[in-house]
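# Per-entry structural report
Listed below are the residues making up each chain.
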Amino acid sequence: MTTLVILAHPDIEASRVNRRWRQELLLHPDQVTIHELYKEYPDWKIDVASEQQLLEAHQHIIFQFPLYWYSYPPLLKKWLDDVFTHGWAYGSSGNKLKGKRMGLAMSIGDKKENYLPTGSVSFTVDEVIAPFKASAIHVGATPLPYFAVFGASFQASDEAIDQSAADYIQYILAHR
């Protein structure tokens, strides 16, 4: 069983963390299928039927992206809006995502301590990603604990990013 990683980074080549994670994922083709949204849809015209088939073929789905303004990158949000349709993902006959496991793998630019009620963000990461968890539950999926690396914008060392890549694979394998 392979894990589907929906990778949504608008400039993957300029990314230290998401690019390194992608490199690590590519070393595990028998365990991971990588689907890069910005590469697949540079025109933002999403092939909904194809995306739904891809989701139906996987039980374990990870959304990988940099946290943007405490949310998803814009193409990932559009993808979710377009692909998670009534009658397919939810509604009286929409059950295609029921029972699937969905998680988030995020690069977060700020420090971990800022994602505390007493920190500068004033919210925990779990609070920030509540819409994802609610959406997963709404479509009958099980939301998984998130995976994240903090300080991605400027504090994370190359060694820490390399370690996060190894930890990311372990996260995927542990939550299948």
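Look above for the structure.
## Structural notes on the packing of aromatic side chains
Here a ring pair, both rings aromatic, is described through the centre-centre distance and the interplanar angle of the planes. The final tally for this structure, using the stated rule, is twelve aromatic pairs. Ring geometry for F65 versus Y72: centroids 5.4 Å apart, planes at 80 degrees, classification edge-to-face. Residue class for F65 comes out buried when judged on its relative accessible area of 1%. Cluster of aromatic residues (ring-pair linked, three or more members): W21, F147, Y168 and Y171.

## What to know about the side chain of E24
In this fold, E24 is placed in helix α1 (residues 17-26). For E24, the residues in contact, after removing those within four places along its chain, are A165 and I169.

## Some details on the nonpolar core
Ranked by internal contacts, the top residues of the largest apolar core, which has 36 residues, are L55, F63, F65, L76, W79, F84 and M102. Of all elements in the fold, only β1 (3-7), α2 (37-40), β3 (60-66), α4 (74-83), β4 (101-108), α5 (125-128) and α6 (130-138) reach the threshold of two or more residues within this core. The biggest single contributor to this core is α4, with five residues. The next biggest cluster of nonpolar side chains, apart from the first, holds 18 residues, and it includes I62, V149, Y168 and I169.

## Topic: a nonpolar patch on the surface
On the surface, Y68, W69 and Y70 cluster together into a nonpolar patch covering about 410 Å² of accessible area. Structurally, the position occupied by Y68 is in the loop between β3 and α4. For Y68, a relative accessible area of 30% gives the class partly exposed.

What counts, and at which threshold
Residues numbered from 1 in each chain as written. Predicted model: local features only at pLDDT ≥ 70, side-chain atom pairs only at ≥ 80, totals over all residues. Heavy atoms only, no water. Phe/Tyr/Trp six-rings, centres within 6.5 Å; stacked < 30°, edge-to-face > 60°. Buried < 20%, exposed > 50% of the residue type's maximum accessible area, 1.4 Å probe, protein only. Helix = DSSP H or I, 4+ residues; strand = E, 2+ residues; numbered from the N terminus. Contact = heavy atoms within 4.5 Å. Core = buried A, V, L, I, M, F, W, Y, C linked by side-chain atoms within 4.5 Å. Patch = residues over 30% accessible without salt bridge, like charges linked within 9 Å, V, L, I, M, F, W, Y side chains within 5 Å. Areas by Shrake-Rupley, 256 points an atom, 1.4 Å probe, with all protein chains shown as cover. Salt bridge = Lys/Arg side-chain N within 4 Å of Asp/Glu carboxyl O.

Distances and angles like these do not, on their own, reveal function.
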